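Listed below are the residues making up each chain.
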Amino acid sequence: MYESDQILEWLSQVPDPEIPVLTITDLGIVRDVDCSDGVTVSLTPTYSGCPATEAIEASVVAALEDQGVSEVRIKRVLSPPWTTDWISDDGRRKLRVYGIAPPERRDRPIACPRCDSSNTEIISEFGSTACKASYRCTDCLEPFEYFKCL
Amino acid sequence: MSAREIPATYATRLGDNALILGQRMIELVAASPELEEELANANFSLDYLGQARLFYTYAGECEGAGRTEDDFAFQRPEQEYRNLLLVEQPNGHFGDSTVRSVLFESWYVLLLDALTRCDDEGIAAIAARAIKEVRYHLRHSSQWLVRLGDGTGESHARAQASLDDLWRFTGEMFAADALDDAMLGEFNGPDLVAIEAEWRSNVAAIITEATLELPDDQWMASGGKQGEHTEHFGFLLAEMQYLQRTYPGAEW
(Lines give C-alpha, C1' and ligand atoms only; values in the text may rest on other atoms or scores of the structure.)
Protein backbone atom coordinates (compact mmCIF):
# COMPACT_ATOMS: atom_id res chain seq x y z
CA MET A 1 0.00 0.00 0.00
CA TYR A 2 1.57 3.25 -1.14
CA GLU A 3 1.16 6.85 -0.02
CA SER A 4 0.15 9.22 -2.81
CA ASP A 5 2.83 11.68 -1.65
CA GLN A 6 5.48 9.05 -2.30
CA ILE A 7 4.04 8.32 -5.74
CA LEU A 8 3.94 12.04 -6.54
CA GLU A 9 7.56 12.38 -5.51
CA TRP A 10 8.55 9.60 -7.90
CA LEU A 11 6.39 11.18 -10.62
CA SER A 12 8.14 14.51 -10.13
CA GLN A 13 11.26 12.83 -11.53
CA VAL A 14 9.58 11.90 -14.82
CA PRO A 15 10.68 14.35 -17.52
CA ASP A 16 8.55 15.62 -20.37
CA PRO A 17 10.00 13.86 -23.45
CA GLU A 18 9.85 17.01 -25.60
CA ILE A 19 11.18 19.56 -23.10
CA PRO A 20 13.19 17.36 -20.73
CA VAL A 21 14.05 20.14 -18.27
CA LEU A 22 10.39 20.06 -17.28
CA THR A 23 8.89 17.22 -15.31
CA ILE A 24 5.31 16.08 -15.77
CA THR A 25 4.45 17.59 -12.40
CA ASP A 26 5.93 20.96 -13.50
CA LEU A 27 3.64 20.78 -16.55
CA GLY A 28 0.59 20.21 -14.40
CA ILE A 29 -0.62 17.13 -16.26
CA VAL A 30 -0.70 14.85 -13.22
CA ARG A 31 -4.25 15.30 -11.95
CA ASP A 32 -4.60 12.67 -9.27
CA VAL A 33 -2.95 9.70 -7.64
CA ASP A 34 -5.20 6.99 -6.20
CA CYS A 35 -3.53 4.30 -4.09
CA SER A 36 -6.65 2.47 -2.93
CA ASP A 37 -6.34 -0.45 -5.36
CA GLY A 38 -2.89 -0.70 -6.89
CA VAL A 39 -1.80 2.72 -8.07
CA THR A 40 -3.91 4.73 -10.53
CA VAL A 41 -2.34 7.89 -11.94
CA SER A 42 -4.71 10.33 -13.66
CA LEU A 43 -3.11 12.33 -16.46
CA THR A 44 -4.52 15.06 -18.66
CA PRO A 45 -3.16 15.45 -22.20
CA THR A 46 -2.02 18.92 -23.22
CA TYR A 47 -3.18 19.19 -26.86
CA SER A 48 -5.65 16.75 -28.47
CA GLY A 49 -2.98 15.54 -30.86
CA CYS A 50 0.04 15.78 -28.56
CA PRO A 51 2.36 13.02 -29.81
CA ALA A 52 4.07 12.76 -26.42
CA THR A 53 0.95 11.52 -24.60
CA GLU A 54 1.69 7.81 -25.02
CA ALA A 55 5.39 8.30 -24.34
CA ILE A 56 4.56 10.08 -21.07
CA GLU A 57 2.16 7.33 -20.03
CA ALA A 58 4.81 4.70 -20.75
CA SER A 59 7.38 6.72 -18.75
CA VAL A 60 5.02 6.93 -15.78
CA VAL A 61 4.44 3.18 -15.79
CA ALA A 62 8.17 2.47 -16.17
CA ALA A 63 9.15 4.94 -13.44
CA LEU A 64 6.73 3.45 -10.93
CA GLU A 65 7.54 -0.16 -11.86
CA ASP A 66 11.24 0.69 -11.35
CA GLN A 67 10.33 1.67 -7.80
CA GLY A 68 8.69 -1.70 -7.29
CA VAL A 69 5.07 -0.72 -7.79
CA SER A 70 3.48 -3.78 -9.35
CA GLU A 71 0.03 -2.58 -10.33
CA VAL A 72 0.12 0.74 -12.18
CA ARG A 73 -2.88 2.04 -14.07
CA ILE A 74 -3.12 5.19 -16.14
CA LYS A 75 -6.38 7.06 -16.32
CA ARG A 76 -6.77 9.74 -18.99
CA VAL A 77 -8.80 12.64 -17.68
CA LEU A 78 -10.02 15.15 -20.23
CA SER A 79 -12.11 17.42 -18.07
CA PRO A 80 -11.35 20.14 -17.12
CA PRO A 81 -9.02 20.59 -20.10
CA TRP A 82 -5.35 21.29 -19.50
CA THR A 83 -4.30 24.92 -19.57
CA THR A 84 -0.85 26.51 -19.47
CA ASP A 85 -2.03 28.13 -16.21
CA TRP A 86 -1.25 24.76 -14.62
CA ILE A 87 2.48 25.02 -15.35
CA SER A 88 4.16 25.55 -11.97
CA ASP A 89 6.23 28.65 -11.17
CA ASP A 90 9.26 26.38 -10.96
CA GLY A 91 8.35 25.01 -14.39
CA ARG A 92 8.20 28.53 -15.80
CA ARG A 93 11.61 29.33 -14.33
CA LYS A 94 13.07 26.14 -15.80
CA LEU A 95 11.64 26.99 -19.24
CA ARG A 96 13.27 30.42 -19.11
CA VAL A 97 16.65 28.99 -18.10
CA TYR A 98 16.35 26.44 -20.92
CA GLY A 99 15.79 29.25 -23.43
CA ILE A 100 12.02 28.99 -23.94
CA ALA A 101 9.86 31.95 -22.95
CA PRO A 102 7.05 30.66 -20.67
CA PRO A 103 3.39 31.35 -21.51
CA GLU A 104 2.10 34.84 -20.77
CA ARG A 105 -1.40 36.28 -20.67
CA ARG A 106 -2.29 38.29 -23.78
CA ASP A 107 -1.68 41.72 -22.27
CA ARG A 108 1.75 40.84 -20.89
CA PRO A 109 4.89 41.32 -22.99
CA ILE A 110 6.99 38.30 -23.85
CA ALA A 111 10.45 38.72 -22.39
CA CYS A 112 13.59 37.42 -24.08
CA PRO A 113 14.79 34.41 -22.04
CA ARG A 114 18.39 35.44 -22.64
CA CYS A 115 18.54 39.18 -21.98
CA ASP A 116 15.07 39.74 -20.42
CA SER A 117 14.21 42.56 -22.84
CA SER A 118 10.52 43.11 -23.70
CA ASN A 119 11.47 44.32 -27.18
CA THR A 120 10.58 41.03 -28.77
CA GLU A 121 8.64 40.25 -31.92
CA ILE A 122 6.97 37.20 -33.38
CA ILE A 123 8.57 35.48 -36.35
CA SER A 124 5.98 32.71 -36.74
CA GLU A 125 2.96 31.43 -34.84
CA PHE A 126 4.58 28.00 -35.11
CA GLY A 127 7.80 26.53 -33.81
CA SER A 128 9.39 23.14 -33.45
CA THR A 129 6.34 21.63 -31.76
CA ALA A 130 2.60 22.30 -31.74
CA CYS A 131 2.88 24.10 -28.41
CA LYS A 132 5.54 26.65 -29.36
CA ALA A 133 5.86 29.79 -31.48
CA SER A 134 9.03 31.42 -32.88
CA TYR A 135 10.14 34.83 -31.63
CA ARG A 136 13.21 37.05 -31.84
CA CYS A 137 14.65 39.66 -29.51
CA THR A 138 15.34 42.98 -31.17
CA ASP A 139 17.83 43.92 -28.46
CA CYS A 140 20.19 40.95 -28.22
CA LEU A 141 19.04 39.79 -31.71
CA GLU A 142 18.74 36.13 -30.68
CA PRO A 143 15.77 34.00 -31.77
CA PHE A 144 13.89 31.99 -29.13
CA GLU A 145 10.83 29.84 -28.75
CA TYR A 146 7.70 30.81 -26.84
CA PHE A 147 5.46 28.29 -25.10
CA LYS A 148 2.02 29.35 -26.34
CA CYS A 149 -0.62 30.27 -23.84
CA LEU A 150 -3.48 27.79 -24.05
CA MET B 1 -31.67 4.25 -30.66
CA SER B 2 -30.52 3.03 -27.27
CA ALA B 3 -29.12 5.42 -24.68
CA ARG B 4 -25.49 4.65 -25.51
CA GLU B 5 -26.09 4.44 -29.26
CA ILE B 6 -26.77 8.15 -29.60
CA PRO B 7 -23.46 9.36 -28.12
CA ALA B 8 -21.61 6.53 -29.89
CA THR B 9 -22.97 7.49 -33.30
CA TYR B 10 -22.72 11.22 -32.66
CA ALA B 11 -19.11 10.95 -31.48
CA THR B 12 -18.31 8.88 -34.58
CA ARG B 13 -19.68 11.63 -36.79
CA LEU B 14 -17.61 14.25 -34.98
CA GLY B 15 -14.57 12.02 -35.32
CA ASP B 16 -15.25 11.68 -39.05
CA ASN B 17 -15.29 15.46 -39.56
CA ALA B 18 -12.02 15.81 -37.67
CA LEU B 19 -10.32 12.88 -39.40
CA ILE B 20 -11.27 13.86 -42.95
CA LEU B 21 -10.42 17.55 -42.51
CA GLY B 22 -7.17 16.52 -40.81
CA GLN B 23 -6.39 14.27 -43.77
CA ARG B 24 -7.02 17.11 -46.23
CA MET B 25 -4.73 19.40 -44.23
CA ILE B 26 -1.96 16.80 -44.11
CA GLU B 27 -2.08 16.75 -47.93
CA LEU B 28 -1.04 20.41 -47.77
CA VAL B 29 2.23 19.61 -45.99
CA ALA B 30 4.97 19.92 -48.62
CA ALA B 31 2.38 21.70 -50.77
CA SER B 32 1.77 24.96 -48.91
CA PRO B 33 2.55 28.42 -50.28
CA GLU B 34 5.15 29.23 -47.61
CA LEU B 35 7.01 27.65 -44.70
CA GLU B 36 4.84 29.10 -41.95
CA GLU B 37 1.76 27.65 -43.64
CA GLU B 38 3.47 24.26 -43.84
CA LEU B 39 3.87 24.35 -40.08
CA ALA B 40 0.34 25.68 -39.58
CA ASN B 41 -1.17 22.85 -41.63
CA ALA B 42 0.98 20.25 -39.89
CA ASN B 43 0.03 21.60 -36.46
CA PHE B 44 -3.67 21.97 -37.21
CA SER B 45 -4.01 18.57 -38.84
CA LEU B 46 -2.35 17.07 -35.78
CA ASP B 47 -4.98 18.77 -33.60
CA TYR B 48 -7.74 17.32 -35.80
CA LEU B 49 -6.17 13.89 -35.76
CA GLY B 50 -6.00 14.07 -31.98
CA GLN B 51 -9.65 15.08 -31.77
CA ALA B 52 -10.59 12.22 -34.11
CA ARG B 53 -8.73 9.79 -31.84
CA LEU B 54 -10.55 11.07 -28.77
CA PHE B 55 -13.97 10.94 -30.44
CA TYR B 56 -13.45 7.49 -31.97
CA THR B 57 -12.06 6.00 -28.76
CA TYR B 58 -15.07 7.34 -26.88
CA ALA B 59 -17.47 6.05 -29.55
CA GLY B 60 -15.87 2.61 -29.23
CA GLU B 61 -16.32 2.68 -25.45
CA CYS B 62 -19.99 3.69 -25.74
CA GLU B 63 -20.59 1.06 -28.39
CA GLY B 64 -18.97 -1.63 -26.27
CA ALA B 65 -18.21 -3.92 -29.22
CA GLY B 66 -14.44 -3.74 -28.90
CA ARG B 67 -13.83 -1.39 -31.85
CA THR B 68 -10.68 0.69 -31.50
CA GLU B 69 -9.91 4.15 -32.88
CA ASP B 70 -8.00 2.45 -35.71
CA ASP B 71 -11.03 0.35 -36.60
CA PHE B 72 -13.12 3.49 -36.93
CA ALA B 73 -10.50 5.39 -38.88
CA PHE B 74 -9.28 2.74 -41.28
CA GLN B 75 -11.66 -0.19 -41.49
CA ARG B 76 -14.95 1.33 -42.56
CA PRO B 77 -16.21 1.61 -46.13
CA GLU B 78 -17.25 4.90 -47.69
CA GLN B 79 -20.94 4.69 -46.76
CA GLU B 80 -20.19 4.41 -43.05
CA TYR B 81 -18.36 7.74 -42.83
CA ARG B 82 -20.76 10.48 -41.78
CA ASN B 83 -18.62 13.60 -42.24
CA LEU B 84 -19.92 16.79 -43.83
CA LEU B 85 -19.37 17.07 -47.58
CA LEU B 86 -17.56 20.35 -46.94
CA VAL B 87 -14.54 18.77 -45.27
CA GLU B 88 -13.94 16.23 -48.01
CA GLN B 89 -13.73 18.83 -50.77
CA PRO B 90 -10.29 18.88 -52.39
CA ASN B 91 -7.70 21.41 -51.31
CA GLY B 92 -7.56 23.30 -54.60
CA HIS B 93 -5.54 26.48 -54.23
CA PHE B 94 -4.78 28.41 -51.06
CA GLY B 95 -8.02 30.38 -51.36
CA ASP B 96 -10.09 27.20 -51.57
CA SER B 97 -8.53 25.60 -48.49
CA THR B 98 -8.69 28.88 -46.54
CA VAL B 99 -12.39 29.39 -47.34
CA ARG B 100 -13.13 25.76 -46.47
CA SER B 101 -11.44 26.28 -43.10
CA VAL B 102 -13.26 29.53 -42.32
CA LEU B 103 -16.69 28.11 -43.21
CA PHE B 104 -16.21 24.87 -41.27
CA GLU B 105 -14.34 26.25 -38.25
CA SER B 106 -16.88 29.05 -37.75
CA TRP B 107 -19.50 26.34 -37.36
CA TYR B 108 -17.33 23.89 -35.42
CA VAL B 109 -16.45 26.39 -32.65
CA LEU B 110 -20.13 27.11 -32.09
CA LEU B 111 -20.99 23.41 -32.11
CA LEU B 112 -18.19 22.57 -29.68
CA ASP B 113 -19.23 25.41 -27.39
CA ALA B 114 -22.77 24.00 -27.25
CA LEU B 115 -21.41 20.49 -26.70
CA THR B 116 -19.42 21.58 -23.64
CA ARG B 117 -22.82 22.07 -22.01
CA CYS B 118 -24.46 18.84 -23.20
CA ASP B 119 -25.39 16.03 -20.84
CA ASP B 120 -23.00 13.46 -22.25
CA GLU B 121 -19.90 13.91 -20.12
CA GLY B 122 -17.55 12.17 -22.51
CA ILE B 123 -18.45 14.34 -25.49
CA ALA B 124 -18.54 17.49 -23.33
CA ALA B 125 -14.99 16.81 -22.07
CA ILE B 126 -13.59 16.26 -25.57
CA ALA B 127 -15.39 19.39 -26.77
CA ALA B 128 -13.82 21.46 -23.96
CA ARG B 129 -10.37 20.23 -25.03
CA ALA B 130 -11.00 20.74 -28.75
CA ILE B 131 -12.59 24.19 -28.69
CA LYS B 132 -9.36 25.84 -27.50
CA GLU B 133 -7.55 24.46 -30.52
CA VAL B 134 -10.29 25.25 -33.05
CA ARG B 135 -10.56 28.87 -31.86
CA TYR B 136 -6.87 29.17 -32.72
CA HIS B 137 -7.43 27.59 -36.16
CA LEU B 138 -10.29 29.98 -36.91
CA ARG B 139 -8.19 32.98 -35.95
CA HIS B 140 -5.56 31.83 -38.42
CA SER B 141 -7.86 31.04 -41.32
CA SER B 142 -10.04 34.14 -40.93
CA GLN B 143 -6.96 36.40 -40.84
CA TRP B 144 -5.81 34.79 -44.08
CA LEU B 145 -9.22 35.23 -45.71
CA VAL B 146 -9.09 38.94 -44.89
CA ARG B 147 -5.63 39.18 -46.48
CA LEU B 148 -6.71 37.28 -49.58
CA GLY B 149 -9.96 39.19 -50.00
CA ASP B 150 -8.50 42.59 -49.25
CA GLY B 151 -5.34 41.79 -51.19
CA THR B 152 -4.58 42.04 -54.88
CA GLY B 153 -7.17 41.92 -57.65
CA GLU B 154 -6.09 38.34 -58.34
CA SER B 155 -6.32 37.15 -54.70
CA HIS B 156 -9.68 38.89 -54.29
CA ALA B 157 -11.13 37.27 -57.42
CA ARG B 158 -9.86 33.83 -56.49
CA ALA B 159 -11.08 34.09 -52.89
CA GLN B 160 -14.52 35.19 -54.11
CA ALA B 161 -14.64 32.27 -56.53
CA SER B 162 -13.70 29.87 -53.69
CA LEU B 163 -16.47 31.29 -51.52
CA ASP B 164 -19.05 31.07 -54.34
CA ASP B 165 -17.96 27.51 -55.07
CA LEU B 166 -18.02 26.15 -51.49
CA TRP B 167 -21.13 27.97 -50.26
CA ARG B 168 -23.41 25.15 -51.45
CA PHE B 169 -21.82 22.84 -48.86
CA THR B 170 -22.64 25.05 -45.89
CA GLY B 171 -26.33 24.19 -45.62
CA GLU B 172 -25.57 20.65 -44.51
CA MET B 173 -24.01 21.95 -41.29
CA PHE B 174 -27.43 23.21 -40.13
CA ALA B 175 -29.72 20.55 -41.63
CA ALA B 176 -30.66 18.63 -38.51
CA ASP B 177 -31.30 14.94 -39.03
CA ALA B 178 -32.64 12.32 -36.62
CA LEU B 179 -29.32 12.02 -34.82
CA ASP B 180 -29.03 15.80 -34.31
CA ASP B 181 -32.60 15.86 -33.01
CA ALA B 182 -31.90 12.97 -30.65
CA MET B 183 -28.76 14.66 -29.34
CA LEU B 184 -30.68 17.89 -28.76
CA GLY B 185 -33.78 16.27 -27.32
CA GLU B 186 -32.20 13.68 -25.05
CA PHE B 187 -28.76 15.04 -24.25
CA ASN B 188 -29.26 18.81 -24.30
CA GLY B 189 -27.05 18.94 -27.39
CA PRO B 190 -26.53 21.74 -29.94
CA ASP B 191 -29.46 23.64 -31.43
CA LEU B 192 -28.47 23.91 -35.07
CA VAL B 193 -31.07 26.61 -35.76
CA ALA B 194 -29.55 28.92 -33.15
CA ILE B 195 -26.06 28.04 -34.36
CA GLU B 196 -26.96 28.91 -37.94
CA ALA B 197 -27.99 32.44 -37.00
CA GLU B 198 -24.77 33.06 -35.10
CA TRP B 199 -22.68 31.44 -37.82
CA ARG B 200 -24.19 33.65 -40.53
CA SER B 201 -23.50 36.74 -38.50
CA ASN B 202 -19.90 35.76 -37.70
CA VAL B 203 -19.09 34.65 -41.24
CA ALA B 204 -20.68 37.78 -42.73
CA ALA B 205 -18.42 39.92 -40.53
CA ILE B 206 -15.26 38.13 -41.73
CA ILE B 207 -16.40 38.27 -45.36
CA THR B 208 -17.18 41.97 -45.10
CA GLU B 209 -13.80 42.71 -43.57
CA ALA B 210 -12.24 40.77 -46.44
CA THR B 211 -14.15 43.06 -48.88
CA LEU B 212 -15.82 39.95 -50.31
CA GLU B 213 -19.48 39.37 -51.03
CA LEU B 214 -21.70 36.93 -49.21
CA PRO B 215 -23.05 34.42 -51.77
CA ASP B 216 -26.81 34.39 -52.40
CA ASP B 217 -29.10 31.82 -50.86
CA GLN B 218 -28.95 28.78 -53.10
CA TRP B 219 -29.52 25.05 -53.37
CA MET B 220 -27.54 23.21 -50.74
CA ALA B 221 -25.72 19.89 -51.20
CA SER B 222 -26.32 17.17 -48.65
CA GLY B 223 -25.74 13.48 -48.08
CA GLY B 224 -22.50 13.40 -46.12
CA LYS B 225 -24.27 12.86 -42.82
CA GLN B 226 -26.09 9.93 -44.43
CA GLY B 227 -22.93 8.37 -45.86
CA GLU B 228 -23.49 9.58 -49.45
CA HIS B 229 -20.31 11.30 -50.43
CA THR B 230 -19.01 13.40 -53.30
CA GLU B 231 -16.83 11.98 -56.04
CA HIS B 232 -13.66 12.99 -54.18
CA PHE B 233 -14.20 10.83 -51.15
CA GLY B 234 -13.29 7.46 -52.61
CA PHE B 235 -9.85 8.70 -53.64
CA LEU B 236 -9.24 10.18 -50.19
CA LEU B 237 -10.14 6.91 -48.47
CA ALA B 238 -8.10 4.84 -50.90
CA GLU B 239 -5.01 6.83 -50.00
CA MET B 240 -5.73 7.05 -46.27
CA GLN B 241 -6.68 3.40 -45.80
CA TYR B 242 -4.23 1.84 -48.21
CA LEU B 243 -1.74 0.50 -45.68
CA GLN B 244 -4.28 -0.85 -43.18
CA ARG B 245 -6.33 -2.57 -45.87
CA THR B 246 -3.35 -4.05 -47.69
CA TYR B 247 -1.76 -5.33 -44.47
CA PRO B 248 -4.65 -5.92 -42.05
CA GLY B 249 -3.57 -5.92 -38.42
CA ALA B 250 -0.23 -4.28 -39.25
CA GLU B 251 1.56 -2.76 -36.27
CA TRP B 252 4.62 -0.57 -35.90
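This text gives an overview of the structure that appears in the document.

About the criteria used
Residues numbered from 1 in each chain as written. Chains lettered and ligands numbered in written order. Predicted model: local features only at pLDDT ≥ 70, side-chain atom pairs only at ≥ 80, totals over all residues. Heavy atoms only, no water. Core = buried A, V, L, I, M, F, W, Y, C linked by side-chain atoms within 4.5 Å. Buried < 20%, exposed > 50% of the residue type's maximum accessible area, 1.4 Å probe, protein only. Contact = heavy atoms within 4.5 Å. Phe/Tyr/Trp six-rings, centres within 6.5 Å; stacked < 30°, edge-to-face > 60°. Helix = DSSP H or I, 4+ residues; strand = E, 2+ residues; numbered from the N terminus. Lys NZ or Arg CZ within 6 Å of the ring centre and 35° of its normal. Buried area = accessible area lost by both parts, 1.4 Å probe. Salt bridge = Lys/Arg side-chain N within 4 Å of Asp/Glu carboxyl O. Polar contact = N/O pair within 3.5 Å; in protein donor to acceptor, adjacent residues only side chain to side chain. Nonpolar A, V, L, I, M, F, W, Y, C, P; charged D, E, K, R; others polar. Axes fitted to C-alpha atoms, helices over the stretch in contact; angles between N-to-C directions. Parallel < 35°, antiparallel > 145°, perpendicular 65-115°, else oblique. Left-handed = near helix turned anticlockwise from the far one by under 90°.

### Comments concerning the nonpolar core
Looking at soluble globular proteins, one finds that nonpolar side chains tend to be buried together.
For step 1, the next point in the chain: In terms of nonpolar packing, the biggest core is built from 79 residues, with B:Leu103, B:Phe104, B:Trp107, B:Tyr108, B:Leu115, B:Ile123 and B:Trp199 touching the most fellow members.
For step 2, the next point in the chain: When neighbours within four sequence positions are excluded, B:Ile123 is seen to be in contact with B:Pro7, B:Tyr10, B:Ala11, B:Leu14, B:Tyr58, B:Leu115, B:Cys118 and B:Met183.
For step 3, the next point in the chain: One finds A:Leu22, A:Val60, A:Val69 and A:Phe147 within the second-largest nonpolar core, a separate group that totals 31 residues.

### Details of the packing of aromatic side chains
For step 1, the next point in the chain: One pass over the full model with this rule turns up 16 aromatic pairs over all chains.
For step 2, the next point in the chain: Aromatic pair A:Phe126 and B:Tyr136: ring centres 6.4 Å apart, planes at 70 degrees, arrangement edge-to-face. With A:Phe126 in the loop between strand 5 (120–124) and strand 6 (132–137) and B:Tyr136 in helix 6 (residues 121–149), the pair connects residues from two separate chains.
For step 3, the next point in the chain: When its relative accessible area of 1% is taken as the criterion, A:Phe126 is described as buried.
For step 4, the next point in the chain: Here B:Trp167 and B:Trp199 contribute two aromatic rings whose centre-to-centre distance is 5.5 Å and whose plane-to-plane angle is 35 degrees, an arrangement assigned as tilted. In this pair, B:Trp167 sits in the loop between helix 7 (153–166) and helix 8 (178–187) while B:Trp199 sits in helix 9 (residues 192–209), placing the two residues 32 residues apart along the sequence. For the pair shown, B:Trp167 and B:Trp199 are each scored as buried.
For step 5, the next point in the chain: Linked through ring pairs, B:Tyr48, B:Phe104, B:Trp107 and B:Tyr108 together constitute an aromatic cluster.
For step 6, the next point in the chain: A cation sits over an aromatic face here: B:Arg67 above B:Phe72, 4.2 Å from the ring centre.

### Some remarks on the interface of chain A and chain B
For step 1, the next point in the chain: In this complex, chain A contributes 22 residues to the contact, which on the side of chain B involves 21 residues.
For step 2, the next point in the chain: Both faces considered, chain A and chain B share a buried interface measuring about 1800 Å² in area, 56% of it formed by carbon and sulfur atoms.
For step 3, the next point in the chain: Taken together, the links from chain A to chain B amount to two salt bridges.
For step 4, the next point in the chain: Viewed at the interface, chain B and chain A are joined by 10 residue pairs in polar contact (both at pLDDT 80 or more).
For step 5, the next point in the chain: A per-class count over the side of chain A that touches chain B returns 10 nonpolar, eight polar and four charged.

### What about the packing of helix 5 (residues 94–115) of chain B against helix 7 of chain B?
Residues and elements named next belong to chain B.
For step 1, the next point in the chain: Their axes nearest at 9 Å, the elements helix 5 and helix 7 cross at an angle of 50 degrees. Taken together, the axis directions place helix 5 and helix 7 in an arrangement best described as oblique. Relative to helix 7, the crossing made by helix 5 is right-handed. Counted together, Gly95, Asp96, Val99, Arg100 and Leu103 of helix 5 and Ala159, Ser162, Leu163 and Leu166 of helix 7 form the full contact between these two elements.
For step 2, the next point in the chain: Tallied by class, residues from the contact of helix 5 with helix 7 come to five nonpolar, two polar and two charged.

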